[in-house]
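Given next are the chains, with one letter for each unit.
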Amino acid sequence: MNDSTSIVAAPRALESEKSRSQNRAAVRRATNEPVGVQIVLIALALAFLGLFLLVPLAVVFAEAFRKGWEVYRASITSPEALAAIKLTLLVAAITLPLNTLFGVAAAWAIAKFRFKGKSVLITLIDLPFAVSPVIAGLIFVLLFGRQGVLGEWLMARDWKIIFAVPGIVLATAFVTFPFVARELIAFMEAQGTEEEEAAMVLGASGWQAFWRVTIPNIKWGLLYGIILCNARAMGEFGAVSVVTGHVARTNTVPLQVELLYGEYQFAAAFAVASILTLVGIVTLVIKRIVEVRAHSQLKAGSG
Amino acid sequence: MKITIRDITKRYGAFTALQNVSLEVPQGKLVALLGPSGSGKTTLLRVIAGLEAPDSGSVLYEQDDVTQRAAKERNVGFVFQHYALFGHMTIFENIAFGLRVRKWKNDAVRERVTELLRLIQLEGLEKRLPSQLSGGQRQRVALARALAASPQMLLLDEPFGALDAKVRADLRRWIRQLHDEIHMTSVFVTHDQEEAFEVADHVVVMNKGRIEQEGAPDEVFAHPANAFVTDFLGHVNVFHGRIQNGRAHIGTVEMPMSFDVPAPEDHAEEGAEVTAYIRPHEVDIDRVSHGSDSMFAIVTRVNRSGSTVKIALVAQEGQLPLDVELPHERDAELGLVVNDRVWVYPRQVRVFRREEAALDKETAA
């Protein structure tokens, strides 16, 4: 048995060897330009990267620590900053499960079944990507605001949505709506329906097939979608800014940054901003790891 | 378990995958559904398994109408063309899946899976993932998984399709042996006539959502019912001609080098256009004419590398190429070389009306 598997493994090793040498050949062809041109092109690319990505990143931390560690600590532990962090976490904690649930359900329906109106649903899912976040915020103000369609009805019951936490959650959920679904649709479509069919023929119910076959198969793709969703949920500014109307104590971290900056408290603004930046960097690292896993899962799944 | 299919029709939009198909699969037999792609054979298999619902007609297991029953309630073993193993589960868990959803006790599961691993000769690999196995090994795991819960029948969709020739031949023999041991009613889909004839007890030839012919492999091969079946069952020489004086006259009238064969009995109208099919191994070659049954031809190529000698010729002044296969002994007697002038006479010719043949050709393309 072991013999036969090693025989099988051998051609695969050869194959990757071949593709690697092909890559090498491609690299050689790509750098056939004169040395001078090469240097100029590389320098341009590096300068661009530095100017637009690395310098701003460095500036955030430099500004945050400009007045020293004590001021930094004080800035991020001030009651306003802590409240903002708490609110941002709360919003993410409500938004993520909602959008995950919706995303999995929508992707499952779209990738595994044929039904009328499927293309309409796919287009609708993309809507939040197409619409400016400010417009998204305005939609909710127009719906739930004092002069809004449902305004009076809500006022009569003393339910506050706009200028309050529910509004922020709604706006964030709307803006981050497509992330999980989009990621999973592509992932599930690539995997097809054969494994689910196999599970059904083997006696599994739809529910069992979903939990034992579908979910494990999309695990990494799902995580990838959730990470992107989280990053956006924590960083969203436009839509949230509109629904809070700058009047509430309800500030999320991005809003808090803007507020502090507007009050010329640069060190404090950058200190709070550095938290968001850190979240961003951590997201990128996790995203990269998950991406690799997701890719290998997709490859293994096609076996 | 006997399977009865009654008048099944299945459409996908404008495309008719199955049209009034009726079929009986006897208890304990191994049946091949044979046909080109798009002939409906896989759809029929999926209808039997409950993976597709037919638009009309019914499926019976013995006397039990299961048409409305979901796949999970039918207790059938199904082997998918691309294995469809669960990529995140070990080989052990793959095989155990059907038992786990049936809530078997752990000990019983272990015992049954071990037994099946022995059957598919993959003991020791139960902790691997499917991606770590070769194609042939994966196919055997797929088979073990399908057999685990002792299904009432085994359905296989192009079970050897994705494998290379050597593994394919081995697995083919193995499946036949396995079937002889367990005698489970089995249906498999294939587009390879050789495979169907080698493995199956009963062959069902399908085309355009209909059954063209069914029967024992020998019988279907010896007596193809129509032009499609004749054409589909391997390499044949195709000739055109017309009915004259109650006989099919093959070749053009102006050409003296032509031959006559009996006309098809059911439509022998004078002047009707016909197509004749002659298999390469059902032709003999001689250096002298045998009268109106033989045709003059020139040898263009001789290939002695196989189990038979393959000879390419042209008849009718270079207009009609044809292939002949002779046993090596006959070839030695004749001592043929290229450019030899010879007479060709078919031992068996199958003649069908042209319209019908042309129609089939057209849709097969």
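On a predicted model such as this, the values are computed, not experimentally measured, just so you know.

Visitor: Just checking my understanding: could you explain the overall build of chain B for this structure?
Guide: From N to C terminus, chain B includes 10 helices and 20 strands. Of the contacts made within chain B by residues no fewer than 6 positions apart, 68% connect residues no fewer than 24 positions apart. When the accessible surface of chain B is totalled, it reaches about 16,200 Å², and 48% of it is carbon and sulfur.

Visitor: I tried to follow the overall build of chain A on my own but got confused; where do I start?
Guide: Each helix and strand counted, chain A has 14 helices and zero strands in total. With 303 residues in all, chain A has 39% of them scored as buried. Counting only contacts in chain A whose residues sit at least 6 apart along the sequence, the fraction spanning at least 24 positions is 74%.

Visitor: Looking at this structure, I do not really get the packing of helix 4 (residues 79-112) of chain A against helix 9 (residues 178-191) of chain A. What am I missing?
Guide: How two helices pack is summed up by the angle between their axes together with the distance between the axes. Residue and element names in this part refer to chain A. One way to put it is that helix 4 packs onto helix 9 with a least axis distance of 8 Å and a crossing angle of 35 degrees. Seen along the crossing, helix 4 lies across helix 9 with a hand that is right-handed. Together, N99, T100, F102, G103, V104, A107, W108, I110, A111 and K112 of helix 4 and V180, A181, L184, I185, M188 and E189 of helix 9 make up the contact between the two elements. Along the lines of polarity and charge, the residues of the contact of helix 4 with helix 9 split into 11 nonpolar, three polar and two charged.

Visitor: Looking at this structure, I do not really get the sheet that holds strand 4 (residues 56-61) of chain B. What am I missing?
Guide: For sheets, the rule is that strands pair by backbone hydrogen bonds, running either parallel or antiparallel. All names here are of chain B. Spatial ordering of the open sheet is given by 2-1-4-5, a layout of four strands whose pairing is antiparallel. Across the chains shown, the open sheet's two edge strands, defined by having one partner strand only, are strand 2 (15-25) and strand 5 (64-65). Both strand 1 (residues 3-12) and strand 2 contribute to a ladder of seven bridges, which runs antiparallel. Pairing of K10 across the sheet is with L18, part of strand 2.

Visitor: Explanation requested: the confidence of the model for chain A in the structure shown.
Guide: Reading fine detail from the predicted coordinates is not recommended where pLDDT is low. The predicted model of chain A averages 82 in pLDDT, with 86% of residues at 70 or higher. Per-residue pLDDT stays below 50 along residues 1-22 of chain A; that stretch engages in 11 contacts with residues further than four places along the chain or on separate chains.

Visitor: What is the right way to look at unusual backbone geometry in this model?
Guide: The phi torsion of most residues other than glycine is negative, and most of the peptide bonds are trans. Located in the positive-phi region is A:F163, a residue other than glycine, with phi close to 65 degrees. Under the relative-accessibility criterion, A:F163 is labelled partly exposed at 34%. Phi is positive for B:Y83, which is not a glycine, with a value near 70 degrees. Mapping B:Y83 onto the fold places it in the loop between strand 6 (77-79) and helix 2 (91-100). On the basis of relative accessible area, B:Y83 is assigned to the buried category, the value being 7%.

Visitor: Can you help me understand the packing of helix 10 (residues 194-201) of chain A against helix 11 (residues 206-235) of chain A in this one?
Guide: Residue and element names in this part refer to chain A. Two elements in contact, helix 10 and helix 11, have axes whose closest approach is 9 Å; the angle formed by their N-to-C orientations is 145 degrees. In this structure, helix 10 meets helix 11 at a crossing whose hand is right-handed. Contacts between helix 10 and helix 11 involve E195, E196, A199 and M200 from the former and G206, A209, V213, T214 and N217 from the latter. Taken together, the residues that form the contact of helix 10 with helix 11 break down as four nonpolar, three polar and two charged.

Visitor: Would you take a moment to explain the environment of B:I91 for this structure?
Guide: Residues and elements named next belong to chain B. Locating I91 in the fold gives a position in helix 2. Considered as a pair, I91 and R138 are 47 residues apart in the sequence and their alpha carbons are 8.9 Å apart. Contact partners of I91, with chain neighbours within four places excluded, come to L117, L125, E126, R128, L129, P130, L133 and V141.

Visitor: Where do I start with the nonpolar core in this structure?
Guide: Taken as a class, soluble globular proteins show a tendency for nonpolar side chains to be buried jointly. Ranked by internal contacts, the top residues of the largest apolar core, which has 48 residues, are B:I95 and B:L143. Among the elements that make up this core, the one with the highest residue count is helix 4 (residues 135-147) of chain B (six residues). If near-sequence neighbours (up to four positions away) are discounted, B:I95 is found in contact with B:V113, B:L116, B:L117, B:I120, B:V141, B:A144, B:R145 and B:A148. Residues A:A199, B:I5, B:I8 and B:M89 belong to the second largest nonpolar core, which totals 41 residues.

Visitor: Help me understand helix 11 of chain A in this model?
Guide: The periodicity of an α-helix, 3.6 residues per turn, causes residues three or four positions apart to be oriented the same way. The terminal C-alpha atoms of helix 11 of chain A, which comprises 30 residues, lie only 37 Å apart, well short of the 44 Å expected from a rise of 1.5 Å per residue. At A:K219, helix 11 of chain A shows its largest bend, some 60 degrees.

Visitor: Before we go on, may I ask you to explain the interface of chain B and chain A in this structure?
Guide: Many analyses report the size of an interface as the accessible area lost when the parts associate. Contact residues are listed per partner, giving 36 residues for chain B and 25 residues for chain A. Of the roughly 2,500 Å² buried between chain B and chain A, counting both surfaces, carbon and sulfur atoms make up 59%. Along the contact surface separating chain B from chain A lie five residue pairs in polar contact (both at pLDDT 80 or more). Within the residue set of the side of chain B that touches chain A, elements represented by two or more residues are helix 2 and helix 4 of chain B. Class assignment of the residues belonging to the side of chain B that touches chain A gives a composition of 17 nonpolar, nine polar and 10 charged.

Visitor: So what exactly am I meant to see when it comes to helix 13 (residues 253-262) of chain A here?
Guide: Of all the positions in helix 13 of chain A, only A:V253, A:P254, A:L255, A:Q256, A:V257 and A:L260 are classed as buried. Just downstream of helix 13 of chain A, A:Y264 is the residue with a positive phi angle, here 60 degrees.

Visitor: Would you take a moment to explain the sheet that holds strand 19 (residues 341-346) of chain B for this structure?
Guide: Residues and elements named next belong to chain B. Strand order in the open sheet formed by five strands is 15-19-16-17-18, with antiparallel pairing between adjacent strands. Of all the strands in the sheet, just strand 15 (283-286) and strand 18 (320-326) have a single pairing partner and so form its edges. Each adjacent strand pair in this sheet contributes to an overall mean axis angle of 45 degrees, direction not counted. The pairing of strand 17 (residues 309-315) with strand 18 spans seven bridges and is antiparallel. The residue bridging I311 from the neighbouring strand is V324, located in strand 18.

Criteria and thresholds
- Residues numbered from 1 in each chain as written.
- Chains lettered and ligands numbered in written order.
- Predicted model: local features only at pLDDT ≥ 70, side-chain atom pairs only at ≥ 80, totals over all residues.
- Heavy atoms only, no water.
- Helix = DSSP H or I, 4+ residues; strand = E, 2+ residues; numbered from the N terminus.
- Contact = heavy atoms within 4.5 Å.
- Areas by Shrake-Rupley, 256 points an atom, 1.4 Å probe, with all protein chains shown as cover.
- Buried < 20%, exposed > 50% of the residue type's maximum accessible area, 1.4 Å probe, protein only.
- Axes fitted to C-alpha atoms, helices over the stretch in contact; angles between N-to-C directions.
- Left-handed = near helix turned anticlockwise from the far one by under 90°.
- Nonpolar A, V, L, I, M, F, W, Y, C, P; charged D, E, K, R; others polar.
- Pairing = 2+ DSSP bridges.
- pLDDT = per-residue confidence, 0-100.
- Core = buried A, V, L, I, M, F, W, Y, C linked by side-chain atoms within 4.5 Å.
- Expected span 1.5 Å × (residues − 1).
- Bend = angle between axes of the 7 residues up to and from the residue.
- Buried area = accessible area lost by both parts, 1.4 Å probe.
- Polar contact = N/O pair within 3.5 Å; in protein donor to acceptor, adjacent residues only side chain to side chain.

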